[in-house]
There are 2 protein chains.
Amino acid sequence: MPKCIQNSLSDQVYTMLKDQILSGQLKGGMKIPEESLAEQFGVSRTPIREAIRRLAEYGLVTIKPRSHATVSVITEQEANDIARVRVTLEQLAIDSIDETSYSRNVKELSRYAADCQYAMGIGDRATVFEQDSLFHLALVRSSGNSALISICERLDAKIQQLRIAQNLPEDELSYYLGQHAQMMTLLKNGDKEACKRLLYEHITHDLTSHVGSLDA
Amino acid sequence: MPKCIQNSLSDQVYTMLKDQILSGQLKGGMKIPEESLAEQFGVSRTPIREAIRRLAEYGLVTIKPRSHATVSVITEQEANDIARVRVTLEQLAIDSIDETSYSRNVKELSRYAADCQYAMGIGDRATVFEQDSLFHLALVRSSGNSALISICERLDAKIQQLRIAQNLPEDELSYYLGQHAQMMTLLKNGDKEACKRLLYEHITHDLTSHVGSLDA
DNA sequence: GTATTGTGTACTGTATACAATATAGATATC
DNA sequence: GATATCTATATTGTATACAGTACACAATAC
């Protein structure tokens, strides 16, 4: 269910392409010529170009000048690098949260955590990942730091791509999702240090072991 | 002196517009209609559009749908937020640097530090800021973390805008520039903690006091 | 059989043309 | 005189057309 905020064709195409990439419909390494996409979406090349270029800024596609754009592939090294940065950024978010901003967001956070668990229960992985993203973004938003928020929102697409590529087994995924609620408890109790340690485990857990076959 | 890596018109326009914004020639809040830019640069609207959209991704211009794009203005809050994130990211870079990667980059770093000081001596503020940026980016690159590097490179444009807006008095600027060499000494001695503390001061020094008159 | 060059095709990069919408100014109304 | 509404214009959003380049395949030379 693609959610198009703007109604310009560029934005619609952008959202749909992003969804197709993150859902794995468009796999890493695949060529995406502008003309065939234009045909597929029933629009001209102009909005396609703008969408592709935006996706390139987010690292989801790679543009080779005067040649095709391709869907980006994530390497193991890149996955580790992103995780490391992510931990650092979200730990900063935790440090920046004060009680009032937390209480303002606690309801939203717990809803995402719950929805995530529920989706896990019925085996709906797509929703699990979506709600997981929303939880972490809401956490970052609670920091109130606009620069931090925009960086994390930008990084989110890559993280989603990573989550899917990681392909964690059910039991592990379920275990790590439970940490959302734990983190909230720690935050409520004001124990930021413990929360940051848990976040570290939450994000960097046996990261490298499951990555692979992105361009199957 | 704009340095155009790619030779496509889009890239050239992008670089030139960026330079004009960072040099203050295009001031915050100014409208930038596509057509007049196209005339000014002697190209069609297409490459102009792509450049503007790219600048928007970097936060240097703000696009209001179906209306003019304007040069973004930095608020005091935003400046603080960016500084906070920047400290965190560059501290992560310092943590990630190992001896081999440092020794590979030490020459480059000291050159930037020296050039920065020299430019300060002859009162060439534009070069000071340029070399300052290069120093910090080289530091981040030494980390070898691709995700971190790309985030910092992306943030760099905003930081440059900020540096100019800050408009630090000569003596203070000169003082803080001296810290580049100090940080390198600490790194060489392996005292990362001290280096990170110094970096914190280096970046967050009386930040809010000088910001203002961006759209003079 | 392999390497090299030539040619055609397909795709991108850019320009131009048209459609749709927002802004500003003028007119009308209270 | 102030406010609201209408109209004209300017500017964006999108489509299309053309030019130039890169890639793939074939033909030739070694």
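Check the entry above for the structure.
The structure reproduced in this document is the subject of the present report.

This part takes up the relation of the copies chain A and chain B. Structural alignment of chain A on chain B gives an RMSD of 0.0 Å, achieved by rotating through 180 degrees and translating 0.0 Å along the axis. On this basis, the relationship between the two copies can be described by a two-fold rotation axis. Take the interface residues of chain A: 100% of them recur as interface residues in chain B, which is what a same-surface contact looks like.

The next point concerns the interface of chain A and chain B. How large an interface is tends to be reported as the accessible area lost when its parts come together. Taken together, the contacts link 26 residues of chain A with 26 residues of chain B. Of the roughly 2100 Å² buried where chain A meets chain B, counting both sides, 56% is carbon and sulfur surface. Where chain A meets chain B, there are eight salt bridges. Residues B:Glu50 and A:Arg49 are paired through a salt bridge, measuring 3.0 Å at the closest nitrogen-oxygen approach. Our count for the chain A to chain B interface comes out at 10 residue pairs in polar contact (both at pLDDT 80 or more). Of all elements in the fold, only helix H3 (45–57), helix H4 (76–96) and helix H7 (146–166) of chain A reach the threshold of two or more residues within the side of chain A that touches chain B. For the side of chain A that touches chain B, the element with the highest residue contribution is H4(A), accounting for 10 residues. Across the side of chain A that touches chain B, the residue classes break down as 10 nonpolar, six polar and 10 charged.

The probe, sized like a water molecule, is rolled over the atoms to show the empty space still left. Here the second largest pocket is characterised by a volume of approximately 420 Å³. Along the wall of the second largest pocket there are 16 residues; nearest its centre are A:Thr88, A:Gln91, B:Thr88, B:Gln91 and B:Asp95. Those elements that place two or more of their residues in the lining of the second largest pocket are H4 and helix H10 (192–204) of chain A together with helix H4 (76–96) of chain B. By residue class, the composition of the lining of the second largest pocket is six nonpolar, five polar and five charged.

Here is what the cut-offs are and how they apply
Sequence order as written defines residue numbering, which begins from 1 separately in each chain. Note on labels: chains are lettered from A, ligands numbered from 1, in written order. Thresholds applied to this predicted model are a pLDDT of at least 70 for local features of residues and 80 or more for the giving and counting of side-chain atom pairs; totals over whole chains, interfaces and linings are not thresholded and use all residues. As a rule here, side-chain values cover all heavy atoms of the structure and leave hydrogens and water aside. Copy-to-copy superposition: least squares on the C-alpha atoms, limited to residues that have pLDDT of at least 70 in both copies. When checking whether two residues touch, look at their non-hydrogen atoms; a contact exists if any pair is within 4.5 Å. Values labelled buried area give the accessible surface lost by two parts on being combined, using a 1.4 Å probe and summing over both. The salt bridge criterion pairs a side-chain nitrogen of Lys or Arg with a carboxyl oxygen of Asp or Glu, the two atoms within 4 Å. Under the rule applied, a polar contact is a pair of N or O atoms within 3.5 Å (in protein, one hydrogen donor and one hydrogen acceptor; residues adjacent in sequence only if both atoms are side-chain atoms). Comment: elements are numbered from the N terminus, with helices defined as DSSP H or I runs of at least four residues and strands as E runs of at least two. Side-chain classes are defined by residue name, with Ala, Val, Leu, Ile, Met, Phe, Trp, Tyr, Cys and Pro counting as nonpolar, Asp, Glu, Lys and Arg as charged, and the others, Gly among them, as polar. The way it works is a 1 Å grid over only the protein atoms, where trapped points that fit a 1.4 Å probe form a cavity and open points with protein on both sides within 12 Å along at least five of seven lines form a pocket, and then any residue with an atom within 4 Å of a point lines it. Grid points are joined across faces, edges and corners, and a volume is the space filled by probe spheres set on the points.

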